[in-house]
Amino acid sequence: MQQQFIQYVYLILIILALVMIANKLKLAYPIVLVLGGLALSFMDSFSHVTIHPDLVFFIFLPPLLYEAAWQVSWKEFWKWRRVIMSFAFPIVILTSTVIAFVSWACIPGFTLALGFLLGGIVSPPDAISASTIMRQVKVPKGMVSILEGESLLNDASSLIVFRFAMAAVITGQFHFNEAIGSFFLVIIMGTIIGLAVALIFYAVIKWLPTTASIEIILTLVAPYCMYFSAEHFHFSGVLAVVSGGLFLSSKRQSMFTYRSRIEGVNVWANLSFVLNGLVFMLIGLQLPSITQQLGDTSMGTAITYGLIIALALIICRILCTLGASVFTRFMSRFITVADASPGWRNPFIIGWAGMRGVVSLAAALSIPLLINGNQPFPYRNLILFITFIVILVTLVFQGLTLPWLIRVIKPRFTQAGKPELEQELFIQQKLAKCSIQFLEEKLGEEKANDHLKNLYERLKIDLKLLTEQLQAPQNLSGNALRSFQLFYLDLLQRQRDMLTKINQKEEYDEELIRKYLSLIDMEEYKIREKLIEAS
């Protein structure tokens, strides 16, 4: 046990080194981690490290889905809900069907039930790697929102297809009407259970005397409670986590204190980074164990099957996204849609971003070795190898070519509202007006308070500047704002240096100094984020 723990510590250190290399090379870190895992798999120290399906489904998946639900903008999710729903359910089912018939046609002895099993395994794209790449290049926010929203739901639909196909392989029977009814029951009840568990956590945090530490720990426990509760009754644990996570995310302002929000973001960001790093590294480390299980099928034949399935997946997804664009344009005549004329560029890029990940590999590994007591599960080893090839091809090949494709195709940007700089100025203006109004009410009671008077005068100057900028939108250049932000960063560094000098004196409390240093760090974080967005 101790040796295994130390081995995972080494893996985390290797992950950190590979992520730094990926940042230096300006590559998406999931690609580098998978390739790094492949290289490590040839070393004796790591060649025996394998993924256990329960490790992914019950340890990694709930917190990663929960964190993704917290990151997704509910406003953007609702705006693109029809596209997200079509990608997450109909397109996943259609992809599973295409893969079922392609594998049935090209693999001797493969049945349609086994084809649907393979289709359910490889149909859900992994949006972690896609969104990581897209955040490194300039793409419309709507594309990232669609991919992130799709990733919240497509795992659920693919695992449901996988579950029904597994039952058909084991029993040799498939009842379409019963499967359709069970499909909707699993989805609806999984969502209801997730919301019910989320309501319990909401009530505990909202009305009981919790602290910031307790609230953060409760958020860490919540996804497991949602997932286990739904899976216990054989419903969708994935949808339970997603629905519960979206609900609690929408209540974060009224539910958590400011301290819980600030500290919780840091905890979850680091936790999800480590978990994502481990799962991508573990994908690459599976090569020895998977090739050893191929059995009678030759390596060349198995690779050929894997490449055929990968090609079918890529073509099918691109055709589906382009078809969804045509359907959206047609439906815009009858209903209001987020983008009435999506064109072909953006849908093609979204189609190319359909990389497969750890959920597919975990599903393949969860296939039992034996069925009906003593019969080997048919084609289990080949399905596992094909899944690995599909993940490798889509993640590495599509992942490395996606930035190039985006630069060549040049996605279409749409300006749905006011320019972002004008929106920021408007928000700041409204905040300044609200603050001045509040101070005017309070100044009547606190006439002798010089601090309030100073704040009042500062807000009036800010409001005057913001109003002048909004009245002359043609002058909304970011140059003056950028100059101010750079100057302000220098000022913050000067303040940090002064606090460091003060901290060298014995009479000043270091804890108090650290508090002010943290405030300066938060100010610098806000400014640097704005500079990154503007660049």
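Note that the coordinates shown come from a computational prediction; the quantities given were computed from them, not determined experimentally.

Caption draft 1: Molecular detail of helix H5 (residues 81-88). Along H5, the residues classified as buried are Val 83, Ile 84, Phe 87 and Ala 88. In a view along the axis of H5, the buried residues occupy a sector of 125°, so they form one face of it. In this fold, the buried residues of H5 make contact with helix H4 (74-79), helix H6 (90-106), helix H9 (141-171), helix H16 (299-331) and helix H17 (345-352).

Caption draft 2: Highlighting the pattern of salt bridges. Across all of its chains, the model carries four salt bridges by this definition. Here Arg 317 ties to Glu 150 by a salt bridge, and the two come within 2.9 Å at their closest N and O atoms. Taken as a pair, Arg 317 in helix H16 and Glu 150 in helix H9 lie far apart in primary sequence, 167 residues in all. We classify Glu 150 as buried; its relative accessible area is 1%. A salt bridge links Arg 496 to Asp 521; the nearest nitrogen and oxygen atoms lie 3.1 Å apart. Of this pair, Arg 496 sits in helix H22 (residues 478-503) while Asp 521 sits in helix H23 (residues 510-534), and the two are 25 residues apart along the sequence. What emerges from the salt-bridge pattern is a single network uniting Arg 496, Asp 521, Glu 524 and Arg 528.

Caption draft 3: Expanded view of the nonpolar core. In this structure, Leu 117, Ile 121, Leu 153, Met 226 and Leu 248 are the most contacted members of the largest nonpolar core, which totals 132 residues. In this structure, Ile 121 is in contact with Phe 162, Ser 360, Ala 363, Ala 364, Ile 367, Ile 383 and Thr 387, ignoring residues within four places of it in sequence. Of all hydrophobic cores here, the second largest spans seven residues; its members include Leu 489, Leu 492, Ile 520 and Ile 527.

Caption draft 4: Fine view of helix H1 (residues 2-25). Over its 24 residues, H1 runs 35 Å from end to end, which matches the ideal 34 Å to within 8%, given 1.5 Å per residue. Among all positions of H1, only Gln 7, Leu 11, Ile 15, Leu 18, Val 19 and Ala 22 are buried. Elements that come into contact with the buried residues of H1 comprise helix H2 (29-40) and helix H14 (258-285).

Conventions adopted
Residues numbered from 1 in each chain as written. Predicted model: local features only at pLDDT ≥ 70, side-chain atom pairs only at ≥ 80, totals over all residues. Heavy atoms only, no water. Buried < 20%, exposed > 50% of the residue type's maximum accessible area, 1.4 Å probe, protein only. Helix = DSSP H or I, 4+ residues; strand = E, 2+ residues; numbered from the N terminus. Arc of directions from axis to C-beta. Contact = heavy atoms within 4.5 Å. Salt bridge = Lys/Arg side-chain N within 4 Å of Asp/Glu carboxyl O. Core = buried A, V, L, I, M, F, W, Y, C linked by side-chain atoms within 4.5 Å. Expected span 1.5 Å × (residues − 1).

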